[in-house]
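# Report on the structure
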Amino acid sequence: MKLTIGHLYPDLLNLYGDRGNIACLMKRCQWRGIEARTIGFESEDSIDFSLLDIVLLGGGSDREQMLVCEKLKKIRQAFQSYVEDNGVVLAVCGGYQLLGRYYKTKDGLIQGLDLVDLYTEQGEGRLINNIILDSPLCKMPVVGFENHGGRTNIGKNRPFGKVLYGAGNDGESGYEGVIYKNVIGTYLHGPLLPKNPQICDHLIKKALERRYGDIDLKPLDDRQEHGANTYMVKRLMK
Ligand code: GLN
């Protein structure tokens, strides 16, 4: 079995080392004998979505999002067909906001891809914190870190998780992120997948099933990752 990961715009959307998530996806495939490769697409490249099994759209500052938003118009149609065909996507922070209709900042409106019915508006101050979620995709709590000025409204969509600690989508609703088909949008930055290997495996499983039908993923020895997760939960939720 083989998986191809598409990393969209590592030249612009690369805050807080979101690319570490790709290293995690690759490694957890390789440890199971699944062949994995990553193609990085810079903002001028054209993208053949039929080659891709997992797409990562990382985080960016408002300025970078403004630059990316122009490029997105060119790939919108193909990206939408990929999503509707159950293509797997992980979109983090700025990338999450770009999945939606728009991101309104005090400097102007950034048009999104409009792949998921959600929108974001800049609020007063930034929501910066460690965060813990209870997600339907994972038995253990999801642990992470958030840093965003945007407040996201996901309408009737399913959230990625219920906030147990931290701010989440808007600091008020009690929910974080979004799940739409095989798309996860989330504000959880940096090493989301290394910290939460069950989410990593969820993405791998969905991607493999889309290409090869029902599969069972071989369990890996995640004692260290689980230990780190439990440590954070205990530290923050005492
Ligand atoms: N620029 C967006 C915000 O502040 C996203 C930032 C990010 O990716 N951390 O809301």
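See above for the structure.
First, a word on what this report is: a plain description of the structure on this page.

Within the protein chain, the regular secondary structure consists of six helices and 12 strands. In terms of overall size, the protein chain behaves like a compact globule, its C-alpha atoms giving a radius of gyration of 17 Å where 238 residues would be expected to give roughly 18 Å. C-alpha extents for the protein chain along the principal axes are approximately 50 × 50 × 30 Å. Counting over 238 residues, the protein chain shows a buried share of 52%. For the protein chain, the proportion of contacts with a sequence separation of at least 24, taken over those separated by at least 6, is 69%.

Turning our eyes to something else, we now look at the side chain of Asn169. In this structure, Asn169 sits in the loop between strand S9 (161-165) and strand S10 (175-176). Polar side-chain contacts of Asn169 include one of 2.8 Å to the side chain of Tyr96. In contact with Asn169, other than residues within four places in its own chain, are Tyr96, His148, Gly150, Arg151, Thr152, Ile154, Tyr175, Glu176, Gly177 and Tyr187.

To continue, consider the pairing of strand S12 (residues 183-186). With burial as the criterion, each face of S12 is covered, one bearing Val183 and Gly185 and the other bearing Ile184 and Thr186. Two strands pair when backbone bridges link them, and strand S4 (residues 88-92) and S12 are joined in this way by four bridges, in the parallel orientation. Of the residues in S12, the one forming a bridge with Leu90 is Ile184. As paired elements, strand S11 (residues 178-180) and S12 share three bridges and run antiparallel to each other. Across the sheet, Val178 pairs through a bridge with Gly185, a residue of S12.

Further remarks concern the site of the ligand. Residues in contact with the ligand amount to 16 residues; listed here are only the nearest, Asp62, Gln65, Cys93, Gly150 and His189. Here an oxygen atom of the ligand sits 3.2 Å away from a polar atom, N or O, in the main chain of Gly60. Between the ligand and Gln97 there is a distance of 2.9 Å, counted from an oxygen atom to a side-chain nitrogen or oxygen. For the ligand, whose accessible area on its own is 300 Å², the fraction buried by protein is 98%. Mapped by element, the contributors of at least two residues to the shell around the ligand are helix H2 (62-84), helix H3 (94-99) and strand S8 (142-153). Taken together, the residues that form the shell around the ligand break down as three nonpolar, 11 polar and two charged.

Reading the values: the criteria
- Residues numbered from 1 in each chain as written.
- Predicted model: local features only at pLDDT ≥ 70, side-chain atom pairs only at ≥ 80, totals over all residues.
- Heavy atoms only, no water.
- Helix = DSSP H or I, 4+ residues; strand = E, 2+ residues; numbered from the N terminus.
- Rg over C-alpha atoms; globule rule 2.2 N^0.38 Å.
- Buried < 20%, exposed > 50% of the residue type's maximum accessible area, 1.4 Å probe, protein only.
- Contact = heavy atoms within 4.5 Å.
- Polar contact = N/O pair within 3.5 Å; in protein donor to acceptor, adjacent residues only side chain to side chain.
- Pairing = 2+ DSSP bridges.
- Near = heavy atom within 4 Å.
- Areas by Shrake-Rupley, 256 points an atom, 1.4 Å probe, with all protein chains shown as cover.
- Nonpolar A, V, L, I, M, F, W, Y, C, P; charged D, E, K, R; others polar.

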